[in-house]
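Chain and residue survey
Each chain, letter by letter, is given below.
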Amino acid sequence: MTNVNYFKDQFEQLQDSGPATAIAELRTDGFNTFNKSGLPTYKLEEWKYTNISSLFDKEYQFANTAPAIQLSDIDAIRLAGHEQANELVFVNGRFIPALSTIRSTASQLVILALEEAAKGKYEQLVKAHLGQSSEYLKDGIHALNTSFIQDGLFLLVPKGQQLTEPVYIYHISDARQQNTLSQPRSLIFVEENAKLQLTETYTTLGTSESFTNEVLEVVVKENAFVEYYKIQHDGLNASQVGSTHIHQIGRSHVHTVVVSLNGGVIRNNLNLVLDAAGNETHLYGLYLLKGKSHVDNHTLVDNKQPNCFSNQLYKGIAGDASTGVFSGRIIVQPDAQKTNAYQSNKNIILSDQATINTKPQLEIFADDVKCSHGCTVGQLDEEALFYLRARGIPKEAAEVLLLEAYAADILVQIKPEPLRNHVAELIYEHLSIS
Amino acid sequence: MNEDLNMLEQTALNEYKYGFVTDIDTDIIPKGLNEDVVTLISKKKNEPEWMLNWRLKAYAHWLKLEEPKWPNVKYPPINYQDIIYYAAPKKKEQLNSLDEVDPELLRTFEKLGISLNEQKRLTGVAVDVVMDSVSIATSFKEQLSEIGVIFCSISEAIQKHPDLVKKHLGSVVPMTDNYFAALNSAVFTDGSFCYIPKGVRCPMELSTYFRINAENSGQFERTLIIAEEESYVSYLEGCTAPMRDENQLHAAVVELVAMKKAEIKYSTVQNWYPGDKDGNGGIYNFVTKRGMCQGEHSKISWTQVETGSAITWKYPSVILKGDYSIGEFYSVAFTNHHQQADTGTKMIHLGKNTRSRIVSKGISAGQSQNSYRGLVRAAKGATNARNYSQCDSLLLGDKCGAHTFPYIEVKNKTAIVEHEATTSKIGEDQLFYCRQRGIDAETAVALIVNGFAKEVMNQLPMEFAIEAQKLLAISMEGSVG
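In this report, we go over the structure that sits alongside the text.

Calculation rules
The written sequence of each chain sets the order in which its residues are numbered from 1. Chains and ligands are labelled sequentially in the order written, the chains with letters from A and the ligands with numbers from 1. Only residues with pLDDT of at least 70 get local features here, since the model is predicted, and only at 80 or more are side-chain atom pairs given and counted; chain-wide, interface and lining totals rely on the full set of residues. As a rule here, side-chain values cover all heavy atoms of the structure and leave hydrogens and water aside. Each helix corresponds to a stretch of at least 4 residues labelled H or I by DSSP, and each strand to a stretch of at least 2 residues labelled E; elements are numbered beginning at the N terminus. Think of it in three bands: with a 1.4 Å probe and only protein chains considered, a residue is buried below 20% of the maximum accessible area for its type, exposed above 50%, and partly exposed in between. In what follows, residue pairs with any heavy atoms lying within 4.5 Å of each other are defined as contacts. Accessible areas in this description were obtained via Shrake-Rupley with a 1.4 Å probe; residue shielding takes into account the shown protein chains only. Two parts placed together each lose some accessible area; with a 1.4 Å probe, that loss summed over both constitutes the buried area. Here, a salt bridge means any Lys or Arg side-chain nitrogen found within 4 Å of an Asp or Glu carboxyl oxygen. Any pair of nitrogen or oxygen atoms within 3.5 Å is treated as a polar contact; in protein, a donor-acceptor pairing is required on top of that, and neighbouring residues in sequence qualify only through side-chain atoms on both sides. Just so you know the grouping, Ala, Val, Leu, Ile, Met, Phe, Trp, Tyr, Cys and Pro go in nonpolar, Asp, Glu, Lys and Arg go in charged, and all remaining residues, Gly too, go in polar. Two strands form a pair only when DSSP identifies at least two bridges running between them. Pairing of aromatic rings covers Phe, Tyr and the six-membered ring of Trp, with a centre-to-centre limit of 6.5 Å; geometry is then stacked below 30 degrees between planes, edge-to-face above 60, and tilted otherwise. When the NZ atom of lysine or the CZ atom of arginine is within 6 Å of a ring's centre and also within 35 degrees of its normal, the charge is said to sit over that ring. Note on definitions: angles span 0 to 180 degrees between N-to-C directions of axes, and those axes are lines fitted to C-alpha atoms, for helices only across the stretch in contact. If an angle is under 35 degrees, it is roughly parallel; if it is over 145, roughly antiparallel; if it lies from 65 to 115, roughly perpendicular; otherwise it is oblique. For any pair of crossing helices, the crossing counts as left-handed if the nearer helix is rotated counterclockwise from the farther one by less than a right angle, and right-handed if it is rotated clockwise.

Quick notes on the overall build of chain B
If you tally the helices and strands in chain B, you get 12 helices and 24 strands. A burial count over chain B gives 64% of its 481 residues as buried. Taking contacts inside chain B between residues at least 6 apart in sequence as the whole, the part at least 24 apart equals 84%. Carbon and sulfur atoms make up 49% of the accessible area of chain B, which totals about 18,200 Å².

Dropping the structure here:
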């Protein structure tokens, strides 16, 4: 694979370009891991159902030259409710402050380039938490992101700030000239008694292939409240591995919703480390797949301390020749007594070319726990379909109606109304066009 | 809670009751494995040329394989050159009645509570005793042969029914299937062979009691059951083993073939030496069991009660090839002390309108680790495939683990697959309810555990259900919190 040599050159160039900082050291660690493990293949248990190594036959490039993205390009992709939001823009994996709009005041919200934060007053914080996710994600693709940490984002919601303006992150990949590899990296702190609403979306410009390999690390402190939404509705030429690692180090509440509509090969890693007694976490996911889309959701809830509660519900629909994968893992460590952990994965399969692979796992090392998981694979209810058709609703419309209702369970978990309505429209459109 | 902990400790001290070594001269070949040993085994069994070639081919393939590392169990590396691959009790002549069996051997079975005489007289069960790899006695053979049922040791079958063996051996579990299946194919010394002809409903439960005897001898059993069209057979397998310190490897292969409208019911009670309370010794039970629903409307049902072995690692599977075929798997796995179990099933739906059902109950106590690992696959052609899986775990201590790894792969839009799993400990309120009614804690726990396992126990044939309940009770005796 010529890509490996390319990565090596690029890595050396990057390391030579700047001073030996803590981040540069982290990059070296990352690159060593990448060299050792290479890209994950289906032989790795965690990658059994998703093959990304073949994607790299396409020879992606980093887009190093200054990207030709205008504010008007961004207008086209703004999310509903953006008028009140802090909008952060990543282009080809790099945080571009010039294109971003920050509406909260500096005392409410701290936004810095990651390299800058690593130097100034947040040095210790960055040192302590950047790269924590590699304890859980040990594969080469995660290490590849770490090898190229550059122009990352540092975001901090200070103590007691109940941020009313949500944070929207737009990831833009410019694939108009070439196949583009983007590797955004972010580190987010939500301090004591603070509140953050965070949404990410992804857009690929042009018709060449784009690959986004993202790592987002979130640290949540005592009494903080975090809502995290990820909306994937990009072109079929857009593939991605998105790793979100949320570390709840104080007793806090986290609520996540991941919606995957269009895309090429998508892999979402969502890790929740419940590292304080009494943490509460809700994870929701929806994948509505058509064409040849391949969406793989891996969740991990690691209960390290007692009295934690977690609930997961992932629902999927696989049509055409698409593939839906769910792998949920709940670990209850020996100290995590009185854990309540629930997990449910439901799937509808609409075509004989479609595939659903699901693997809900429980690993329990403590006895005083209540854990359950369930998963189903099935079809639309024939009787419900008949009921609608008997009332003169055409078959296609009836199906859309039922699928919408099926998706609604997850949709209602998107709490901000403008965003919810926006996603509802996307879903309706997505389901109606066959 | 303190009381419960005390009881747990008592359980931990509860020693293996069936640990004794029977003193019979055994005819063994030296430790180690190479082509000569494979050839020697084949010669000792007086096997035809094709069988030897088959073994050698398997051995050659085994050399190319690496021992799998993926299961959720830990054990020191096995030295395959340190195992005796053949040990047979000295008596060689075929026996016609139990009177001819070595009295020492009979006493062993009496100690186990499995008196052949008793069984023969009272229960009408035909018993094919496997004592260290060679069948000693087969009872009720005449009665069975009248209706055309062949029930004998696999060695005898190779001599007397080579066509049947040649046709089916390795058809469900190919010699290249996995590491331990390849090893077994090369060195298997004995096992059972059943053939149920077309339209025959086997009038009695067929049963083999396994028994490991000579020190350091691994057991490599090979069982082959063939049910022809519209036949029925229920097969029981149970085992106990003497106490010893060195770990013993047991890598058996069981193959079931069910033709059109045939039904095979395979039940196992496994109580091999699990090691002492510190985790020393015990049997490694690495078994490949697989059934093939070859014909339409065929049915294969696995029921297992696993209480023994230091490590249990097996996945009795069903390949649902025939349309309308049915696969079932019922399992109770109890682990205590340092025992480890990684067990479950595979249901591979290939034919149309195939159905499968999985009920797995795991109970962990002490420092044991108990995993369920299962695969349900509905292939493209498996129209209307239906599966329901349920796996529940009960934790009886704060140092044990219960894990669930289900894999579900669906490639068909008419398939319906459901899986649910729960993990919990015995509810305080359940215990309280029982104790309030004057039931002591120990009985209450036994009652609750029994209820927990009932769905599986009910699947066992009557003769076995009693033994299984006894076993579960012994495993939990003086127990549990």
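A few points about the interface of chain B and chain A
Listed as interface residues are 31 residues of chain B and, on the opposing side, 35 residues of chain A. Carbon and sulfur atoms make up 48% of the surface buried where chain B meets chain A, a total of about 2,600 Å² over both sides. Our count for the chain B to chain A interface comes out at zero salt bridges. On the surface where chain B and chain A come into contact, there are 16 residue pairs in polar contact (both at pLDDT 80 or more). Counting residues per element, the ones that place at least two in the side of chain B that touches chain A are β23 (401-410) and β24 (416-425) of chain B. Split into classes, the residues belonging to the side of chain B that touches chain A amount to 12 nonpolar, 11 polar and eight charged. One ladder, built from seven bridges, connects strand β20 (residues 370-378) of chain A with β24(B); its direction is antiparallel. Bridge pairing in β24(B) links V377(A) to V417(B).

A look at the pairing of strand β8 (residues 195-205) of chain A
Residues and elements named next belong to chain A. Most of β8 sits inside the fold, with 10 of its 11 residues counted as buried. Examined bridge by bridge, strand β5 (residues 167-174) and β8 share eight bridges and lie parallel to one another. Counted as the bridge partner of I169 is E200 from β8. When β8 meets strand β10 (residues 225-232), the two strands line up parallel, connected through seven bridges. Bridge pairing in β10 places Q197 opposite E227.

What to know about the packing of aromatic side chains
Summed over the entire model, instances satisfying the criterion amount to 32 aromatic pairs over all chains. Summarising the aromatic geometry, the rings of F11(A) and F31(A) are spaced 4.1 Å apart at their centres and angled 10° between planes, so their arrangement reads as stacked. Of this pair, F11(A) sits in helix α1 (residues 2-17) while F31(A) sits in helix α2 (residues 22-37), and the two are 20 residues apart along the sequence. Of the aromatic side chains, those joined through ring pairs into one cluster are Y59(B), W62(B), W70(B), Y75(B), Y80(B), Y179(B), F180(B), Y284(B), F286(B), W313(B) and Y315(B). The ring of F405(B) carries the charged tip of R373(B) above its face, separated from the ring centre by 4.6 Å.

Comments concerning the packing of α2(A) against helix α6 (residues 140-147) of chain A
Residues and elements named next belong to chain A. Between α2 and α6, the least distance of the axes is 7 Å, while the angle of their chain directions is 150°. Taken together, the axes of α2 and α6 are roughly antiparallel relative to one another. In the crossing of α2 with α6, the sense of the turn from one axis to the other is left-handed. Contact with α2, carried on its side by L26, R27, G30, F31, T33, F34 and S37, involves G140, A143, L144, T146 and S147 of α6 and no other residues of that element. Partitioning the contact of α2 with α6 into residue classes produces five nonpolar, six polar and one charged.

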